[in-house]
Amino acid sequence: MNIIISNNSSVPIYEQINNAIKAAIFSNELKEEDMLPSVRNLANDLKISFLTVKKAYDELEREGFIKTVQGKGSFIAPKNLELIKEEKLKEIQDYIEKIYNISKVANIAEDEIKELFKMIFEEDF
């Protein structure tokens, strides 16, 4: 797993780590029961505070993506398909809200947006 962080990003570093690990889980690069680097090792590799990595791991655990076993490390949790689906639906909802806001500013009709969606979905199939 290759985590790349950007100090210039507006996204906090712990969230960049969180997103990178989730992306690796969604793409099956990380599989159930795979062991993550220790907090200290990842912090050293990324040259950041171990508290930042710990915050990312704690959030991933709270969200159900990883599990931590005292004295053994952190592991990818069994995939909860509903959790993954809910996460992706929330992401889609955020994009749709952005589309809605852009369409209002540009005075683009709902029918035009629906037509765009229809064209995109038809191209996929």
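Further up the page is the structure itself.
Scope of this entry: the structure provided in the associated data block. Bear in mind that the values here come from a model prediction, so they are computed numbers and not experimental data. (Residues numbered from 1 in each chain as written. Predicted model: local features only at pLDDT ≥ 70, side-chain atom pairs only at ≥ 80, totals over all residues. Heavy atoms only, no water.)

### Focus: the environment of S38
- Checked against the element boundaries, S38 lands in the loop between helix 1 (13-26) and helix 2 (39-46).
- Taking C-alpha positions, S38 is 9.8 Å from Y57, a pair spaced 19 residues apart along the chain.
- In this structure the side chain of S38 is engaged in a polar contact, spanning 3.0 Å, whose partner is the backbone nitrogen of N41. (Helix = DSSP H or I, 4+ residues; strand = E, 2+ residues; numbered from the N terminus. Polar contact = N/O pair within 3.5 Å; in protein donor to acceptor, adjacent residues only side chain to side chain.)

### What about the packing of helix 2 against helix 3 (residues 50-62)?
- Contact geometry of helix 2 with helix 3 gives a least axis separation of 8 Å together with a crossing angle of 120 degrees. Comparing the axis directions of helix 2 and helix 3 gives the class oblique. Once helix 2 is placed against helix 3, the crossing between them reads as right-handed. Contact residues: helix 2 offers V39, R40, L42 and A43, while helix 3 offers F50, V53, K54 and Y57.
- Across the contact of helix 2 with helix 3, the residue classes break down as six nonpolar, no polar and two charged. (Axes fitted to C-alpha atoms, helices over the stretch in contact; angles between N-to-C directions. Parallel < 35°, antiparallel > 145°, perpendicular 65-115°, else oblique. Left-handed = near helix turned anticlockwise from the far one by under 90°. Contact = heavy atoms within 4.5 Å. Nonpolar A, V, L, I, M, F, W, Y, C, P; charged D, E, K, R; others polar.)

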